[in-house]
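Survey of secondary and tertiary structure
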Amino acid sequence: YTHDAQCLTYDGPDTNYTGKEICFAYNEDTVTIWDVTDKLSPVIISKTSYEGVAYTHQGWITDDMRYILVDDELDEVDGGLNRTHTYVFDVSNLANPVQKPTFIHADDSIDHNLYVWGSIHKRGWGGNAAMGSSAPDLKYAYLSNYAAGLRVLDVTDIETGMNEVG
């Protein structure tokens, strides 16, 4: 079961898939990456579970297409975590995603959806008109939570750590 997915024309660091239609699917207990270029024969590139998994709900790729940020909707409930967690994966090799350190928020709330502004919006992918220069700053991820409202993370340097800025 795929709860949510982000599909795009890929132009990230894994040159094996440049120009292909790639979907990042959030499937209850895995992040599954698909090549859906051939609609009659989609191919699973990778299927990755992770430490802390309870219900892989949704995620979004960063502007440089190197990382995905993931919301697990039930880890704070079923997983026994006492604060909101945002999971991070390095997907620079689509066949081998690597879980990076998790961002742990200051509050205790169930996370729901998150989005990172970037190329997808500037180009008008996903059925929306291109935003061009009016798109919000590319360095932020916007996260919605059930009880904690909107949170904003600076994703400028994921390798050394994200910071909550709003």
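Cut-offs applied
Residues numbered from 1 in each chain as written. Predicted model: local features only at pLDDT ≥ 70, side-chain atom pairs only at ≥ 80, totals over all residues. Heavy atoms only, no water. Disulfide = S-S within 2.5 Å. Helix = DSSP H or I, 4+ residues; strand = E, 2+ residues; numbered from the N terminus. Buried < 20%, exposed > 50% of the residue type's maximum accessible area, 1.4 Å probe, protein only. Phe/Tyr/Trp six-rings, centres within 6.5 Å; stacked < 30°, edge-to-face > 60°. Core = buried A, V, L, I, M, F, W, Y, C linked by side-chain atoms within 4.5 Å. Contact = heavy atoms within 4.5 Å. pLDDT = per-residue confidence, 0-100.

We now examine the state of the cysteines. This structure, assessed with the given rule, holds 1 disulfide. Between the sulfur atoms of C7 and its disulfide partner C23 the distance amounts to 2.0 Å. Given an S-S torsion of about 110°, the disulfide between C7 and C23 has right-handed geometry. With C7 in strand 1 (residues 4–9) and C23 in strand 2 (residues 21–26), this pair connects stretches of sequence that are 16 residues apart. Residue classification places C7 among the partly exposed residues on the basis of a relative accessible area of 44%. Judged by its relative accessible area of 8%, C23 falls in the buried class.

A complete count under the given rule lists 4 aromatic pairs for this structure. Taking the centre distance of 4.9 Å and the plane angle of 50° together, the rings of Y50 and Y87 count as tilted. Placement of the pair is Y50 in the loop between strand 4 (43–48) and strand 5 (56–61) and Y87 in strand 7 (residues 85–90), with a sequence separation of 37 residues. Classification of Y87 as buried rests on a relative accessible area of 2%. Ring plane angle 65° and centroid distance 6.5 Å describe the contact between Y140 and Y142, whose orientation is recorded as edge-to-face. Feature note: the residues Y50, Y87 and F89 constitute an aromatic cluster, connected by ring pairs.

Next up on the list: the nonpolar core. Counting residues in each nonpolar core, the largest one holds 18 residues, and the members touching the most others are I22, F24, I68, V70, F89, V91 and L94. Of all elements in the fold, only strand 2, strand 3 (31–35), strand 6 (67–72) and strand 7 reach the threshold of two or more residues within this core. Ranked by residues supplied to this core, first place goes to strand 2 with 3 residues. Residues within four places of I68 in sequence aside, it is in contact with F24, Y26, V31, W60, I61, Y87, V88, F89 and V91.

Mean pLDDT over the chain stands at 85; residues scoring 70 or higher make up 87%. The least confident element of the chain is helix 1 (residues 119–123), whose mean pLDDT is 59; the most confident is strand 4, at 98.

One non-glycine residue, E28, adopts positive backbone phi at about 65°. Within the secondary structure, E28 sits in the loop between strand 2 and strand 3. Although it is not a glycine, M65 sits at a positive phi angle of roughly 60°.

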